[in-house]
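# Structural characterization, general
Single-letter residue listing:
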Amino acid sequence: MTDAFCTDCKRHTEVVFDHSAGDTVCSECGLVLESHSIDETSEWRTFANESGDNDPVRVGGPTNPLLADGGLSTVIAKPNGASGEFLSSSLGRWQNRGSNPDRGLILAFKTIATMSDRLGLVATIKDRANEIYKRVEDQKSSRGRNQDALLAACLYIACRQEDKPRTVKEICSVANGATKKEIGRAKEYIVKQLGLEKGQSVEMGTIHAGDFMRRFCSNLGMNNQAVKAAQEAVQKSEEFDIRRSPISIAAAVIYIITQLSDDKKPLKDISVATGVAEGTIRNSYKDLYPHVSKIIPSWYAKEEDLKNLCSP
């Protein structure tokens, strides 16, 4: 109960809120102080088809500006029991006969959402991937191409543009069977099509080795001190002309950091965690080794420790 001023009692009295009618009633004289109030709290009623489903949501998803109807169309559910089977199935058949221009887009957006969830990507990346796919699809030139590779490439480009890059191998792991080569070809095709649409090259964003560092270290279960040292080391490595890919440099820096700690990681484990071949890590380590005294933070390892590193 709460207090409110009652015009009949001429003073503040306790009031009772009747949720079913939306009325606020004085508890002493029974006067309705306010009627048909809107209850802004959550309404935990279930309107699901099956009685065993406890989903309390009874509203649809948000509008989607990429769809012709804004994503607000109605879909007739499958029959629930023998009594409603004839009506529901008939309406469902008529609905399926009707042409839905967004059917392909909806399926593509669902696939992108599934891949994003499996990679733990934020909603902004998923929305950017949806936008990229819609722009490519509007050009009507993607027919006959590998759809899974096309969607995976859209997600890869979205990650790059949102400054949260993922490796092609990571994207490939959720791409429903699409190979790295197919995703690479699809990426080149999308970049070309978007470039033709805009009349200028597509900005993909620059990849830095530090973009992958925290995730790779987490995969290896490294402690906070080692992670911090690896991040500082990879930033300093950019000052030198090391002609290796950012992913290879990140893997080599992690290898050096772990060799200087008590918790040494085998090269095989680092290869699995980063997706970089063992031979590539060794070659990157050779390129980093001459600069190791300037790359590794002094607070993490002393000169004596650096001298004990295995020479490549």
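Residues numbered from 1 in each chain as written. Predicted model: local features only at pLDDT ≥ 70, side-chain atom pairs only at ≥ 80, totals over all residues. Heavy atoms only, no water.

Next up on the list: the environment of alanine 153. Relative to the helices and strands, alanine 153 resides in helix H4 (residues 147-161). On the basis of relative accessibility, which here comes to 0%, the residue alanine 153 falls in the buried class. Excluding residues within four positions of it along the chain, alanine 153 makes contact with Ile183, Ala186, Lys187 and Ile190. (Helix = DSSP H or I, 4+ residues; strand = E, 2+ residues; numbered from the N terminus. Buried < 20%, exposed > 50% of the residue type's maximum accessible area, 1.4 Å probe, protein only. Contact = heavy atoms within 4.5 Å.)

Moving on, we come to the pattern of salt bridges. Under the definition given, this model contains 8 salt bridges. In this structure, aspartate 241 and arginine 243 form a salt bridge, with 3.3 Å as the shortest nitrogen-oxygen distance. Each member of the pair, aspartate 241 as well as arginine 243, carries the same accessibility label: exposed. With a shortest N-O distance of 3.7 Å, glutamate 278 and arginine 282 are connected by a salt bridge. Taken together, the positions of glutamate 278 and arginine 282, both in helix H11 (residues 278-288) and 4 residues apart, correspond to about one turn of that helix. Exposure remark for arginine 282: the relative accessible area of 44% places this residue in the partly exposed category. (Salt bridge = Lys/Arg side-chain N within 4 Å of Asp/Glu carboxyl O.)

A word on the side chain of arginine 215. Looking at the secondary structure, you find arginine 215 in helix H7 (residues 210-220). A polar contact is formed between the side chain of arginine 215 and the side chain of glutamate 170, at a distance of 2.9 Å. For arginine 215, the contacting residues outside a window of four places in its chain are Pro165, Arg166 and Glu170. (Polar contact = N/O pair within 3.5 Å; in protein donor to acceptor, adjacent residues only side chain to side chain.)

Bringing unusual backbone geometry into the picture now. Of note, the phi angle at lysine 10 is positive, near 60 degrees, even though the residue is not glycine. Residue placement: lysine 10 occurs in the loop between strand S1 (2-6) and strand S2 (11-18). Phi at asparagine 176 takes a positive value of approximately 55 degrees, unusual for a residue other than glycine. Relative to the helices and strands, asparagine 176 is located in the loop between helix H5 (168-172) and helix H6 (180-198). By relative accessible area, asparagine 176 is classed as partly exposed at 47%.

Bringing the sheet that holds strand S4 (residues 32-34) into the picture now. By way of backbone hydrogen bonds, the strands of a sheet pair with one another, either parallel or antiparallel. Read across the sheet, 4 strands follow the order S1-S2-S3-S4 without closing on themselves; strand pairing throughout is antiparallel. Only two strands of the sheet have a single partner each, and these edge strands are S1 and S4. Across the sheet, the axes of successive neighbouring strands diverge by a mean angle of 50 degrees, strand direction being ignored. (Pairing = 2+ DSSP bridges. Axes fitted to C-alpha atoms, helices over the stretch in contact; angles between N-to-C directions.)

This next bit is on the nonpolar core. Core analysis: the largest hydrophobic core is formed by 39 residues, its most contacted members being Val253, Ile257 and Ile296. Considering each element in turn, this core owes the most residues, 9 residues, to helix H9 (residues 246-259). In contact with isoleucine 296, not counting residues within four places along its chain, are Ala233, Ile256, Ile257, Leu260, Ala301 and Leu306. Of all hydrophobic cores here, the second largest spans 35 residues; its members include Ala108, Met115, Tyr133 and Ile171. (Core = buried A, V, L, I, M, F, W, Y, C linked by side-chain atoms within 4.5 Å.)

Let's shift gears to the UniProt feature "domain: TFIIB-type" (unreviewed entry) in the chain. The UniProt record annotates "domain: TFIIB-type" (unreviewed entry) at residues 2-34. Segment residues 2-34 splits into 0% helix and 61% strand. End C-alpha atoms: 14 Å apart. (UniProt positions renumbered as here; feature names shortened; annotations may be inferred.)

A separate point is helix H8 (residues 224-237). In a regular helix each residue adds 1.5 Å, so 14 residues correspond to 20 Å; H8 covers 20 Å between its end C-alpha atoms and thus fits that length. Those residues of H8 that sit buried are Ala226, Val227, Ala229, Ala230, Ala233, Val234 and Ser237. All buried residues of H8 lie within an arc of 165 degrees about the axis, which places them on one face of the element. In H8, those exposed residues whose orientation departs by more than 90 degrees from the buried face are Asn224 and Gln235. Looking at the packing, one finds that the buried side of H8 touches H7, H9, H11 and helix H12 (292-295). (Expected span 1.5 Å × (residues − 1). Arc of directions from axis to C-beta.)

As a further point, take the packing of aromatic side chains. Scanning the entire structure with this criterion turns up 4 aromatic pairs. Ring centres 5.3 Å apart and planes at 85 degrees place the aromatic pair tyrosine 255 and tyrosine 285 in the edge-to-face group. Residue tyrosine 255 is located in helix H9, and its partner tyrosine 285 is located in helix H11; the two are separated by 30 residues in the primary sequence. The exposure class assigned to tyrosine 255 is buried, which follows from its relative accessible area of 19%. Overall, tyrosine 285 belongs to the buried group, its relative accessible area being 8%. A network of ring pairs unites the aromatic residues Tyr255, Tyr285 and Tyr289 as a single cluster. Above the face of the tyrosine 189 ring, arginine 145 is positioned so that its terminal group lies 3.8 Å from the ring centre. The positively charged end of lysine 228 is found above the aromatic ring belonging to tryptophan 299, 5.5 Å away from the centroid. (Phe/Tyr/Trp six-rings, centres within 6.5 Å; stacked < 30°, edge-to-face > 60°. Lys NZ or Arg CZ within 6 Å of the ring centre and 35° of its normal.)

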